[in-house]
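Remarks on the overall topology
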Amino acid sequence: MIYSHEVEMMCPVAQGVHHGAAPIPEQAKWVKAKEIKDISGLTHGVGWCAPQQGACKLTLNIKEGIIQEALIETVGCSGMTHSAAMASEILPGLTILEALNTDLVCDAINTAMRELFLQIVYGRSQSAFSEDGLPVGAGLEDLGKGLRSQIGTMYGTLKKGPRYLEMTDGYVTGIALDEDDEIIGYKFVNFGKMMESIKGGDDANTAFEKAQGQYGRVDDAVKIVDPRKE
């Protein structure tokens, strides 16, 4: 350790009261975190790239400082999906400090990692008051039975109005309009259910029919509009 001349010439003064780190909530315990291995919990966060053309939602399940589970969801940029694929291989097994200083290929994923690091080391986690935390696999449960991200895609113009393209329910196949051409509901197909039906032995047309659904007053509609063609 090198000290400047000015410090060397100072007389020593006792530090006095020093209580150490403030405790943070972790898995139904109050923990004074001093090392990376003291950090546990499940947390979510969102990151974005510098030109803000895409975003990433990152979910990490951390046990004793080590990432046991990672869910990477991206939107807005085609290249991000490949980066997410790489991140799913990179993240599990790293400590949160290693992950913070690892190139996760996409800047949005890197930013999400930074935001999650800040949350988790300050005790802001989804499992802060859950005894023993959440099991590995909890991140996957966020996707639901279809194991697809919760996506909403809408488009609208002043000239032609809104178009519903995709809801959490699924891919929108038609928007229901009343006599004033206002939206009163929509029809959709759930791709997750459709693929499960096909894997279960149904042909594509049968699976498509089984996976269809509707929301709102579709039965009262004057007309159904294909949002991608009309």
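Residues numbered from 1 in each chain as written. Predicted model: local features only at pLDDT ≥ 70, side-chain atom pairs only at ≥ 80, totals over all residues. Heavy atoms only, no water.

Here's the deal with the overall build of the chain
The line we're drawing: For the purposes of this entry, the term helix denotes a DSSP run of H or I that reaches at least four residues, the term strand denotes a run of E that reaches at least two, and both are numbered from the N terminus. Throughout, radius of gyration means the C-alpha value; the globule benchmark is 2.2 Å times the number of residues raised to the power 0.38. Contacts were defined at the residue level, with two residues in contact if any of their heavy atoms lie within 4.5 Å. All accessibility values rest on the Shrake-Rupley procedure with a 1.4 Å probe; residue burial counts only the protein chains present in the view. Positive: Lys, Arg. Negative: Asp, Glu. His and the chain ends are not part of the count. Working definition for charges: the position is that of NZ of Lys, CZ of Arg, CG of Asp or CD of Glu.
Across its full length, the chain carries 7 helices and 11 strands. For 230 residues, the compact-globule formula gives about 17 Å, and the C-alpha radius of gyration of the chain, at 25 Å, lies well above that figure. Taken along the three principal axes of its C-alpha coordinates, the chain extends 90 × 45 × 30 Å. The contacts in the chain between residues at least 6 apart in sequence include a share of 51% that link residues at least 24 apart. Only carbon and sulfur atoms are counted for the fraction: they give 54% of the accessible area of the chain, which is about 14600 Å². Of the charged side chains in the chain, 21 are positive and 32 negative; the average position of the first set lies 3 Å away from that of the second.

Quick word on the side chain of Gln27
Structurally, the position occupied by Gln27 is in the loop between β1 (24–26) and β2 (29–31). Beyond its immediate stretch of four places on either side in the chain, Gln27 contacts Ser40, Gly41, Ile62, Lys63, Ser127, Ala128, Ser130, Glu131, Asp132 and Gly133.

A short note on the pairing of strand β5 (residues 66–75)
Our working rule: Pairing between strands is defined by DSSP: at least two bridges between them are needed.
With 9 bridges connecting them, strand β4 (residues 55–63) and β5 associate as antiparallel partners. Bridge pairing in β5 links Ile62 to Ile67. The turn linking β4 back onto β5 is made up of 2 residues, and Glu64 within it adopts a positive phi angle of 50°.

Focus on the sheet that holds β5
Cut-off, in case you're wondering: To define axes, lines are fitted to C-alpha atoms, for helices over the stretch in contact only, and angles between the resulting N-to-C directions are given on a 0 to 180 degree scale.
Here 3 strands make up an open sheet; going across it, the order is β3-β4-β5 and the pairing antiparallel. Strand pairing shows two members of the sheet lacking a second neighbour, β3 (41–48) and β5, which therefore form its edges. Across the sheet, the mean angle separating the axes of adjacent strands is 15° when strand polarity is ignored. Against the sheet, helix α2 (residues 78–90) makes contact with β4 and β5, and its axis sits at roughly 175° relative to β5, the strand it touches most. Strands in contact with helix α4 (residues 107–121) are β3, β4 and β5; relative to β3, the strand with the most contacts, it is inclined by about 140°.

Thoughts on the pattern of salt bridges
Selection rule: Within this document, salt bridges are pairs made up of a side-chain nitrogen of Lys or Arg and a carboxyl oxygen of Asp or Glu, the two lying within 4 Å of each other. Working definition: with a 1.4 Å probe on protein chains only, accessible area under 20% of the residue-type maximum means buried, over 50% means exposed, and in between means partly exposed.
Scanning all chains against the criterion turns up 8 salt bridges. Asp38 is the partner of Lys37 in a salt bridge, and the nearest nitrogen-oxygen pair spans 3.9 Å. Given a relative accessible area of 52%, Lys37 falls into the exposed group. Notably, a salt bridge pairs Arg217 with Asp220, separated by 3.8 Å at the nearest N-O pair. Judged by its relative accessible area of 49%, Asp220 falls in the partly exposed class.

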